[in-house]
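# Architecture at a glance
So the chains spell out like this:
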Amino acid sequence: MPTCSASLPSLVKLMLDATDVRDGQRVLEIGTGTGVTAALLRDRVGVNGRVVTVEVDPGLSASAQARLEAAGIDATVVCGDGLVGWGTDAPYDRIHVTCGIRRIPPPWLRQCPDGIIMLPWGTALSGERDRVVALRVRDGVGVGRFGAEVSFMKARSQRLGSWGDWPDNGDTVEADLPVRWDEIESPLEPFGGFAMGLLLPGLTYRLSGGGAEERVLWLKREGAHASIGFGDGHKTTVEGDTRLSRDYAQAARWWHDRGRPHPERFGLTVGENEQRAWFDHPDGESWAL
Ligand SMILES: C[S@@+](CC[C@H](N)C(=O)[O-])C[C@H]1O[C@@H](n2cnc3c(N)ncnc32)[C@H](O)[C@@H]1O
């Protein structure tokens, strides 16, 4: 599994713009990698600013530090887990994250209580399709709407485990779900998959086959397993945890009823004790993550 690469230059710029780094600011980067982003951040903050960058991999951290020193770039390189931030030099005006995140670590909100935290966000279900989100933090609460799609290597401790063995789920029974057979799969399409991941935190899936023939959607969430059998001219059936198959079907119903909304209609509100996703507006319809 690849663990580090320099990102596409246009993507690096898009993310630097989203972080909106200004002259003289103090910036914490998470995921030093090659060190090139730290160098660009240094350029943006100017001589009166400060850049600290944290990398979890000791080898990468040491080579980035040597590279930055050789180029005469003044950035503090820290080897450690970026998910706890770096309290020693806090507070920061900006936190610029370059590894994919599925849950925002509360220390970041404490270390950047008034500023911007920019990160690539994804869910268990969205896979490699992350979205950039710039959280504007005021008094320790961050609010931001999802933006451009990006694909990032996940923070090491937030990688998904393997799919694992499928348990014997007992009998297959005919289902009474609030979706037609042709509404079951479509919410998993790229745009929908992002929204469904917000509606159903922790959910992962596998799907068999293609076309109109009978197929199976396998669902897994926090130790619960369920599958849904469906297809044109076939009775829809379920197996396993009925709450899980019903939650999936209700989320799919929600997505269809809202007109298959684009991911950029969603956003995040993150505080010390609560992370919520919202639809259209921070004060609108929302649900805990
Ligand atoms: C896409 S690369 C970053 C590219 C980098 N910004 C650059 O300019 O080259 C992602 C980096 O995040 C690092 N990483 C993953 N989990 C981390 C964690 N928990 N704390 C700090 N760094 C982490 C990886 O080792 C990898 O170097």
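All of these numbers come straight from a predicted model, not from anything done at the bench. (Residues numbered from 1 in each chain as written. Predicted model: local features only at pLDDT ≥ 70, side-chain atom pairs only at ≥ 80, totals over all residues. Heavy atoms only, no water.)

## Description of the site of the ligand
Just so we agree on the cut-off: We define proximity as follows: a residue is near a molecule or strand when any one of its heavy atoms falls within 4 Å of that partner. By the criterion applied in these results, polar contacts are pairs of N or O atoms within 3.5 Å in which, for protein atoms, one can donate a hydrogen and the other can accept it, and in which residues neighboring in sequence qualify only through two side-chain atoms. Surface accessibility follows the Shrake-Rupley procedure with a 1.4 Å probe radius. Residue values consider only the protein chains on display as shielding. Put simply, DSSP marks the helices as runs of H or I at least four residues long and the strands as runs of E at least two long, and each gets a number from the N terminus on. Each residue is assigned to one of three groups, with Ala, Val, Leu, Ile, Met, Phe, Trp, Tyr, Cys and Pro labelled nonpolar, Asp, Glu, Lys and Arg labelled charged, and all others, Gly among them, labelled polar.
Around the ligand lies a shell of 24 residues, among which Thr34, Thr37, Glu55, Asp81 and Gly82 are the nearest. Between the ligand and aspartate 81, the relevant distance is 2.8 Å, taken from a nitrogen atom to a side-chain nitrogen or oxygen of the residue. Separating a nitrogen atom of the ligand from a backbone N or O atom of glycine 82 is a distance of 2.8 Å. In the complex, the protein chains occlude 98% of the 600 Å² of accessible area that the ligand would expose alone. For the shell around the ligand, the secondary structure elements donating two or more residues are helix H2 (36–45) and strand E2 (50–55). When its residues are assigned to classes, the shell around the ligand shows nine nonpolar, 11 polar and four charged.

## Structural notes on H2
Keep this limit in mind: When accessible area is computed with a 1.4 Å probe and restricted to protein chains, residues below 20% of their type maximum are described as buried, those above 50% as exposed, and intermediate ones as partly exposed. Residue contacts are counted whenever heavy atoms from the two residues lie within 4.5 Å of one another.
Taken together, the buried positions of H2 are Thr37, Ala38, Ala39, Leu41, Arg42 and Val45. Looking at the packing, one finds that the buried side of H2 touches helix H1 (9–19), strand E1 (26–30), E2, helix H3 (58–70) and strand E4 (94–97). Looking at the residues trailing H2, positive phi occurs at glycine 46, about 75°.

## Description of the domain arrangement of the chain
How big an interface is tends to be expressed through the accessible area that disappears when the partners come together. Quick note on the threshold: Domains are outlined according to an automatic or database domain assignment.
Along its sequence, the chain is carved into domain 1 (9–158) and domain 2 (173–257). A C-alpha centroid distance of 35 Å is found between domain 1 and domain 2. Listed by partner, the interface residues are eight residues for domain 1 and 12 residues for domain 2. If you look at where domain 1 meets domain 2, you find one residue pair in polar contact (both at pLDDT 80 or more). Looking at side-chain class alone, the side of domain 1 that touches domain 2 contains four nonpolar, two polar and two charged residues.

## With respect to the sheet that holds strand E10 (residues 215–221)
Applied cut-off: Note on pairing: two strands pair once DSSP finds at least 2 bridges between them. In this description, a line fitted to the C-alpha atoms serves as the axis of each element, helices being fitted only across the stretch in contact, and the angle between N-to-C directions of two axes falls anywhere from 0 to 180 degrees.
Here we have five strands laid out as an open sheet, ordered E8-E12-E11-E10-E9, and antiparallel in their pairing. Strands with a single pairing partner mark the edges of an open sheet, and in this sheet they are strand E8 (173–174) and strand E9 (204–207). Alignment of E9 against E10, held across four bridges, turns out to be antiparallel. Residue pairing in the sheet places arginine 206 in a bridge with tryptophan 218 of E10. On top of the sheet, helix H6 (residues 242–257) reaches E10, strand E11 (224–230) and strand E12 (237–240); it is set at about 105° to E10, its chief contact.

## Quick look at the pattern of salt bridges
Going by this rule: For this analysis, a salt bridge means a side-chain nitrogen from Lys or Arg found within 4 Å of a carboxyl oxygen belonging to Asp or Glu.
Counting across every chain of the model gives 20 salt bridges. The residue aspartate 280 makes a salt bridge to arginine 265 at a minimum N-O spacing of 2.9 Å. Of this pair, aspartate 280 sits in the loop between strand E14 (275–279) and strand E15 (286–288) while arginine 265 sits in the loop between H6 and strand E13 (266–270), and the two are 15 residues apart along the sequence. Since its relative accessible area comes to 32%, aspartate 280 is described here as partly exposed. For arginine 265, a relative accessible area of 32% corresponds to the partly exposed category. A network of salt bridges, in which partner residues are shared, links Arg180, Asp182, Glu183, Arg253 and Asp257.

## Section: the side chain of serine 126
Take serine 126: it is sitting in the loop between strand E5 (115–121) and strand E6 (130–138). Looking at serine 126, its side chain comes within polar contact range of the main-chain nitrogen of threonine 123, at 2.8 Å.

## Quick word on the packing of helix H5 (residues 190–199) against H6
To be explicit about the condition: We call two directions roughly parallel when the angle between them is under 35 degrees, roughly antiparallel when it is over 145, roughly perpendicular when it lies between 65 and 115, and oblique otherwise. Left-handed describes a crossing whose near helix is turned anticlockwise from the far helix through less than a right angle; right-handed describes the clockwise counterpart.
One way to put it is that H5 packs onto H6 with a least axis distance of 10 Å and a crossing angle of 130°. Put simply, H5 runs oblique to H6. Crossing handedness for the pair H5 and H6: right-handed. In contact with Gly192, Ala195, Met196 and Leu199 of H5, H6 contributes Tyr248, Ala251, Ala252, Trp254 and Trp255.

## Quick word on the packing of aromatic side chains
Centre-to-centre distance and the angle between the planes together describe a pair of aromatic rings. As a reminder of what qualifies: In this scheme Phe, Tyr and Trp rings, the latter by its six-membered ring, pair at centre separations within 6.5 Å, and the angle between planes marks the pair as stacked below 30 degrees, edge-to-face above 60, and tilted otherwise.
Tallied over the entire structure, the rule returns seven aromatic pairs. Centre to centre, the rings of tryptophan 121 and phenylalanine 146 are 6.5 Å apart; their planes meet at 35°, and the pair counts as tilted. Taken together, the residues span a long stretch of sequence, with tryptophan 121 in strand E5 and phenylalanine 146 in strand E7 (residues 141–150) at a distance of 25 residues. Look at phenylalanine 146 and you get buried, because its relative accessible area is 2%. Of the aromatic side chains, those joined through ring pairs into one cluster are Trp254, Phe266, Phe279 and Trp287.

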